Amino acid sequence: PRKVIIDTDPGLDDAVGILLALNHPAFDVRAITTVAGNIGIERTTANAGRLLSAMGRESVPYARGAAKPLSGSGRDEETIHGSDGLGGVALPEPAAPVSGLSAVELFSELLIGAEPGEIDILALGPLTNLAALYLADKDAFARIGRVIIMGGTINEPGNAGPYAEFNMAADPKAAQIVFGSGAEIVLIPLDVTRRLRATPDYLQRLASLETRAAQISADLIAAYFADNAARESRPLHDPCVMLYHLAPKLFEIEPMALAVNDGDRPGALTQVQHGPAINVAMGIDAQAALDCLSDGLGKT
Ligand code: BDR
Ligand code: CA
């Protein structure tokens, strides 16, 4: 298994990705760090602790990260993710207290304590914590293996206004810093994540699996339908990051240099001639990816 730190703002789709990582032997989850995004920092942090408890993984540390973005206003997605960020799904309260370290301090400690390149970051929310790590501790940052990010849109309309995707719009400055950092990045934009869709049938398939990870995921996805029961399917954005970690061959990758707008269209991405190349996922074998997700959540 590869060592990973999950940086996240749970969030219904974050939670499904986290459950997959906690249930699957290909992930050695060293920590969960939280960021404000889908909901405020107190809630996203409590939700990380609750998910660890639900999976009996109290020994995995979780640390509170940034409450406010470096730029942008942040945004509250309460209408989609419910007033607790997890759609009211029943979960135990955190069995272990939040780490005494901040997210950035915990990143530093774990990265400095590991071999260079040994730990990957799975980034499911606004990039505030990673940018803060880059600004605070370049030695630790340079030891990151690979950063797999859910964020952005290349050719599709945004979901935080017409031009931008939520995680980019919530902190464009942080995205600029991370994209310019020289880290090895894989970006999974809406162009791909909107293709990975849960239908009511898929929800039934998860509900029929007996693991806790699959059962809770079925509840989370059911809650994801709750804001509008007439929808035929819901996109599974953040689990794409975990699926890339598990099975990169499911994705088509195109290297591009990207600029992040921090002005009139906050969070919008444009392709530019010069700049570090980012590996951007532009295609997915959605059927095989759904199978991979349910297999992983159902693994005993
Ligand atoms: C992203 O925004 C959040 O609402 C989701 O959790 C996901 O990370 C999708 O644009
Ligand atoms: Ca998220």
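Residues numbered from 1 in each chain as written. Chains lettered and ligands numbered in written order. Predicted model: local features only at pLDDT ≥ 70, side-chain atom pairs only at ≥ 80, totals over all residues.

Q: Can you break down the overall build of the protein residue by residue, with the values?
A: Secondary structure summary: the protein contains 13 helices and 11 strands in total. Relative to its length of 300 residues, the protein is compact, with a C-alpha radius of gyration of 17 Å against a globular reference of 19 Å. Each of the three principal axes of the protein carries a C-alpha extent, and together these read 50 × 40 × 35 Å. Long-range contacts, defined as pairs at least 24 residues apart, comprise 82% of the intrachain contacts of the protein with a sequence gap of at least 6. (Helix = DSSP H or I, 4+ residues; strand = E, 2+ residues; numbered from the N terminus. Rg over C-alpha atoms; globule rule 2.2 N^0.38 Å. Contact = placed C-beta atoms within 7 Å.)

Q: Could you give me a rundown of the packing of helix H12 (residues 239-246) against helix H13 (residues 286-298), with the residues and numbers involved?
A: Where H12 contacts H13, the two axes come as close as 10 Å, and the packing angle between them is 90 degrees. Our classification of the angle between H12 and H13 gives roughly perpendicular. Each of Pro239, Leu243 and Leu246 in H12 lies in contact with H13, whose residues at this interface are Ala289, Cys292, Leu293 and Gly296. Partitioned by chemical class, the residues of the contact of H12 with H13 number 6 nonpolar, 1 polar and no charged. (Axes fitted to C-alpha atoms, helices over the stretch in contact; angles between N-to-C directions. Parallel < 35°, antiparallel > 145°, perpendicular 65-115°, else oblique. Nonpolar A, V, L, I, M, F, W, Y, C, P; charged D, E, K, R; others polar.)

Q: Give me the lowdown on helix H8 (residues 172-179), citing residues and values where you can.
A: Most of H8 sits out of view: 7 of its 8 residues are buried. Within the span of H8, buried status applies to Pro172, Ala174, Ala175, Gln176, Ile177, Val178 and Phe179. Residues of H8 that are buried sit in contact with helix H5 (128-136), helix H7 (166-170), strand S6 (185-188), strand S9 (251-260) and strand S11 (278-284). (Buried ≥ 20, exposed ≤ 12 C-beta atoms within 10 Å, placed from the backbone.)

Q: Mind laying out the nonpolar core, listing which residues take part and the relevant values?
A: Leu19, Leu130 and Ile188 are the most contacted members of the largest nonpolar core, which totals 98 residues. When residues of this core are assigned to their parent elements, the largest contribution, 8 residues, is made by helix H1 (residues 12-23). For Leu130, the contacting residues outside a window of four places in its chain are Asp7, Ile121, Ala123, Val147, Ala174 and Val178. (Core = buried A, V, L, I, M, F, W, Y, C linked by C-beta atoms within 7 Å.)

Q: Account for the sheet that holds strand S2 (residues 27-34), with residues named and values stated.
A: An order of S3-S2-S1-S4-S5-S6-S11-S9-S10 is seen for the 9 strands of this open sheet, with the pairing classed as mixed. Across the chains shown, the open sheet's two edge strands, defined by having one partner strand only, are strand S3 (62-63) and strand S10 (269-272). Pairing of S2 with S3, which is carried by 2 bridges, proceeds in the parallel orientation. Paired with Thr33 across the two strands is Ala63, which belongs to S3. In this fold H12 packs onto strand S1 (2-8), S2, strand S4 (119-123), strand S5 (144-150), S6, S9 and S11, with an angle of close to 140 degrees to the strand it touches most, S5. (Pairing = 2+ DSSP bridges.)

Q: Please set out the site of ligand 1 residue by residue, giving values where relevant.
A: In the neighbourhood of ligand 1, 14 residues make up the surrounding shell, with Gly11, Asp13, Phe166, His237 and Asp238 lying closest. Breaking the shell around ligand 1 down by element, the ones donating at least two residues are H1 and H7. Of the residues assigned to the shell around ligand 1, the class counts are 3 nonpolar, 6 polar and 5 charged. (Near = placed C-beta within 6 Å.)

Q: Could you give an account of the packing of H1 against H12, naming the residues involved and the relevant values?
A: Where H1 contacts H12, the two axes come as close as 7 Å, and the packing angle between them is 25 degrees. In terms of their interaxial angle, H1 and H12 are classed as roughly parallel. On H12, the residues touching Asp13, Val16, Gly17, Leu20 and Ala21 of H1 are Pro239, Val241 and Met242. Classifying every residue of the contact of H1 with H12 gives 6 nonpolar, 1 polar and 1 charged.

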